[in-house]
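Descriptive structure summary
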Amino acid sequence: MQDIQFSEVDGVPTPSASPVTPPCRRHRSRHRLPDWTGPVIYRGRVNDTAVIITGVSGSGKTTIGKGLAERLGWPYADADDFHPPHNVHKLTHGHPLTDEDRQPWLTAMGDWLDARHAADESVVLSCSGLKRRYRDQLHDGRPQVHIVHLHGTVDLIAERLRHRHGHFMKAHMLEGQFSDLEDPQADEDILTVNVDQTPEAIVSEIVSGLKLAESA
Ligand SMILES: Nc1ncnc2c1ncn2[C@@H]1O[C@H](COP(=O)(O)OP(=O)(O)OP(=O)(O)O)[C@@H](O)[C@H]1O
Ligand SMILES: O=C(O)[C@H](O)[C@@H](O)[C@H](O)[C@H](O)CO
């Protein structure tokens, strides 16, 4: 296998030798690997980037998503705002969502990602993305999307939820969230970050892990 050296050109890592293998192992082969025909598309990087923060309820998606968006100077959106009223009603009354409930919600987020991409706009979206097929639905065919999964223990997250007030999602639903959770697999190209650290440290880990450029 040929060794590929990278140098920076306009902030984009560029190989100094024509590779015969993909330039980056974190690239998802199913939909992002271009044939080697010219300019480098590094990790699927296009003009805009969409970072999706996933994790169970209480893992910190909102806290970290907003912090990251602020650090990068990008708009932020929360998946909770894409739920049809029926889903919010169910969650508010303590009923977990089914795959069927989640379908219109995933479609709405996908449409939103496509609209932001068409406008060349980089964004941060917080979304539970508990099951692999939900993540695939948002990820596949969207080279601008990078997923960051917030990982934490049940005990730590339950403790945080016990202290959270004014949110429709209640702590007792955490068990259902963990039973629905399908941990990210290696081939999903997902950055997993442990939430047992300060929000600032988590945001920094994401910025460096995804090599995101911070706003001045
Ligand atoms: N790294 C952290 N350290 C300490 N507390 C945190 C951290 N991240 C989040 N929290 C706190 O934990 C609680 C849950 O965080 P947050 O609301 O961001 O989670 P969430 O994943 O968006 O939840 P949901 O999916 O239910 O909206 C909040 O009270 C928040 O302030
Ligand atoms: O997939 C789900 O069950 C939902 O997305 C929930 O996780 C909530 O929307 C959210 O996390 C609570 O704020």
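Before reading further, recall that the structure is shown in the block above.
Attention here is on the structure that accompanies the text. Note that the structure is a prediction, hence the values are computed from the model and not measured. (Residues numbered from 1 in each chain as written. Chains lettered and ligands numbered in written order. Predicted model: local features only at pLDDT ≥ 70, side-chain atom pairs only at ≥ 80, totals over all residues. Heavy atoms only, no water.)

Another point: the overall build of the protein chain. What the protein chain contains, in helices and strands, is seven helices and seven strands. Beginning at the N terminus, the succession of helices and strands in the protein chain can be written as β-β-β-α-β-α-α-β-α-β-α-α-β-α. Counting across all 216 residues of the protein chain, residues that qualify as buried make up 45%. Excluding contacts between residues fewer than 6 apart, the proportion of contacts in the protein chain whose partners are at least 24 apart in sequence is 72%. When the accessible area of the protein chain is evaluated, it comes to approximately 11100 Å², of which 52% is carbon and sulfur surface. (Helix = DSSP H or I, 4+ residues; strand = E, 2+ residues; numbered from the N terminus. Buried < 20%, exposed > 50% of the residue type's maximum accessible area, 1.4 Å probe, protein only. Contact = heavy atoms within 4.5 Å. Areas by Shrake-Rupley, 256 points an atom, 1.4 Å probe, with all protein chains shown as cover.)

Moving on, we come to the environment of His149. Mapped onto the fold, His149 is located in strand E6 (residues 145-151). For His149, a relative accessible area of 2% translates into the label buried. With sequence-adjacent residues up to four places away left out, His149 is seen in contact with Thr54, Gly55, Leu181, Pro184, Ile190, Leu191, Thr192 and Val193.

Here we take up the packing of aromatic side chains. By the definition in use, this model includes one aromatic pair. With a centroid separation of 5.7 Å and an interplanar angle of 70 degrees, the aromatic rings of Phe82 and Trp112 are classed as edge-to-face. Of this pair, Phe82 sits in the loop between strand E4 (76-78) and helix H2 (85-92) while Trp112 sits in helix H3 (residues 99-118), placing them 30 residues apart in sequence. (Phe/Tyr/Trp six-rings, centres within 6.5 Å; stacked < 30°, edge-to-face > 60°.)

What follows covers H2. Every buried residue belonging to H2 is among Asn87, Lys90 and Leu91, and all of these are buried. The buried side chains of H2 occupy one side of the element, clustering within an arc of 95 degrees when seen end-on. Among the structural elements, H3 are those in contact with the buried residues of H2. (Arc of directions from axis to C-beta.)

With parallel pairing, the five strands of this open sheet are ordered in space as E4-E5-E3-E6-E7. Unpaired on one side and paired on the other, E4 and strand E7 (190-194) mark the two borders of the sheet. Neighbour-to-neighbour, the strand axes of the sheet open up by a mean angle of 20 degrees, direction not taken into account. Relative to strand E5 (residues 123-126), E4 is paired through three bridges, and the arrangement is parallel. By the bridge assignment for E5, Tyr76 is matched with Val124. (Pairing = 2+ DSSP bridges. Axes fitted to C-alpha atoms, helices over the stretch in contact; angles between N-to-C directions.)

The subject of this paragraph is the pattern of salt bridges. When the charged atoms of two side chains lie near each other, side chains of opposite charge can form a pair. Across all of its chains, the model carries ten salt bridges by this definition. When the shortest N-O distance is used, the salt bridge between Lys90 and Asp101 registers 2.7 Å. Of this pair, Lys90 sits in helix H2 while Asp101 sits in helix H3; the two residues are eleven residues apart in sequence, bridging distant segments of the chain. With respect to class, Lys90 is no different from Asp101; both count as buried. Of the charged contacts in the structure, one is a salt bridge between Glu121 and Arg116, with a shortest N-O distance of 2.4 Å. (Salt bridge = Lys/Arg side-chain N within 4 Å of Asp/Glu carboxyl O.)

Take the nonpolar core next. One finds Val51, Ile53, Leu68, Val148, Leu150, Ile206 and Leu212 to be the most contacted residues of the largest nonpolar core, which totals 19 residues. Mapped by element, the contributors of at least two residues to this core are strand E3 (50-54), helix H1 (61-72), E6, E7 and helix H7 (199-209). By size, the runner-up hydrophobic cluster in this structure holds 18 residues, among which are Ala50, Met109, Leu125 and Leu138. (Core = buried A, V, L, I, M, F, W, Y, C linked by side-chain atoms within 4.5 Å.)

So, on to the packing of H1 against H7. For the pair H1 and H7, the least separation of the axes is 9 Å and the interaxial angle reads 60 degrees. In terms of orientation, H1 lies oblique with respect to H7. Note on packing geometry: the crossing formed by H1 with H7 is right-handed. Across the interface between the two elements, Thr63, Ile64, Gly67, Leu68, Arg71 and Leu72 from H1 touch Pro199, Glu200, Ile202, Val203, Ser204, Ile206 and Val207 from H7. Taken together, the residues of the contact of H1 with H7 sort by class into eight nonpolar, three polar and two charged. (Parallel < 35°, antiparallel > 145°, perpendicular 65-115°, else oblique. Left-handed = near helix turned anticlockwise from the far one by under 90°. Nonpolar A, V, L, I, M, F, W, Y, C, P; charged D, E, K, R; others polar.)

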